[in-house]
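Survey of secondary and tertiary structure
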Amino acid sequence: MVLTILLDENIDGYAAYLSRFVFSPAWSDISSLLGVRIVTFAEVGLAKRTPDEQLWEFCQHQKLYLITDNRNQDKPDSLEAMIRTRTVPTSLPVFTISDIHRFRSEREYVEALVAKLLEYLMDADNLCGVGRLYLP
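Residues numbered from 1 in each chain as written. Predicted model: local features only at pLDDT ≥ 70, side-chain atom pairs only at ≥ 80, totals over all residues. Heavy atoms only, no water.

As for helix H7 (residues 107-122)
For H7, built from 16 residues, the straight-helix expectation of 22 Å at 1.5 Å per residue is met to within 8% by its first-to-last C-alpha distance of 22 Å. Among the residues making up H7, those that are buried are Tyr109, Val110, Leu113, Val114, Leu117, Leu118, Tyr120 and Leu121. End-on view of H7: buried residues confined to an arc of 160 degrees, all on one side of the axis. Facing away from the buried side of H7 by more than 90 degrees, the exposed set consists of Glu108 and Met122. (Helix = DSSP H or I, 4+ residues; strand = E, 2+ residues; numbered from the N terminus. Expected span 1.5 Å × (residues − 1). Buried < 20%, exposed > 50% of the residue type's maximum accessible area, 1.4 Å probe, protein only. Arc of directions from axis to C-beta.)

Written out as structure tokens, the structure is:
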């Protein structure tokens, strides 16, 4: 099993930071068992500012779990609009970091976020169709 997590362009500068926690001794057994991979837009060939509609379709077709901060529904083709209108029972969820400022500055928050993320991923088969899931 391999579960690939795509970091949204607005947080892809934190790939190494998040990886240190996901693959730390505290979580490495679970992340290894799940086959967790963390990738950025560049690694999967997506351009910066890829339209949300294309991002949604790409993630669904490539079976990538997207992690983003809290994007809103400011346009008809926004990520939130895609989640609301295109989610079907087989759609992978979008993980949303609830507090990006705490993610960037508080170790305890990142630990809680990783714990919640891995908890969700351990139940990946039952996550399809739920739309958006918040971390932590």
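Brief notes about the sheet that holds strand S1 (residues 3-7)
Within the open sheet, the five strands sit side by side as S2-S1-S3-S4-S5. Their pairing is parallel. With partners counted over all chains shown, the strands left at the sheet margins are strand S2 (36-39) and strand S5 (132-135), one partner each. The mean angle between the axes of side-by-side strands here comes to 25 degrees, regardless of whether they run parallel or antiparallel. With four bridges joining them, S1 and strand S3 (residues 64-68) adopt parallel strand pairing. Following the sheet pairing, leucine 7 is matched in S3 by isoleucine 67. Most of the contacts of helix H1 (residues 15-22) go to S2, to which it runs at about 165 degrees, and overall it touches S1, S2 and S3. Contacts from H7 reach S1, S2, S3, strand S4 (94-97) and S5, with the element oriented near 145 degrees to S5. (Pairing = 2+ DSSP bridges. Axes fitted to C-alpha atoms, helices over the stretch in contact; angles between N-to-C directions. Contact = heavy atoms within 4.5 Å.)

Here we look at the packing of aromatic side chains
Applying the stated criterion to the full structure yields six aromatic pairs. Each ring, one from tyrosine 17 and one from phenylalanine 21, has its centre 5.4 Å from the other, and the planes form 80 degrees; the classification is edge-to-face. Separated by four residues within a single helix, tyrosine 17 and phenylalanine 21 lie in helix H1, roughly one turn from each other. Take tyrosine 17 and phenylalanine 21: they sit in the same class, and that class is buried. Within the aromatic cluster, the residues linked to one another by ring pairs are Tyr14, Tyr17, Phe21 and Phe103. Between lysine 116 and the ring centre of tyrosine 120, over which it is positioned, the NZ or CZ distance is 4.9 Å. (Phe/Tyr/Trp six-rings, centres within 6.5 Å; stacked < 30°, edge-to-face > 60°. Lys NZ or Arg CZ within 6 Å of the ring centre and 35° of its normal.)

Bear in mind that shape data such as this cannot, by itself, settle questions of function.
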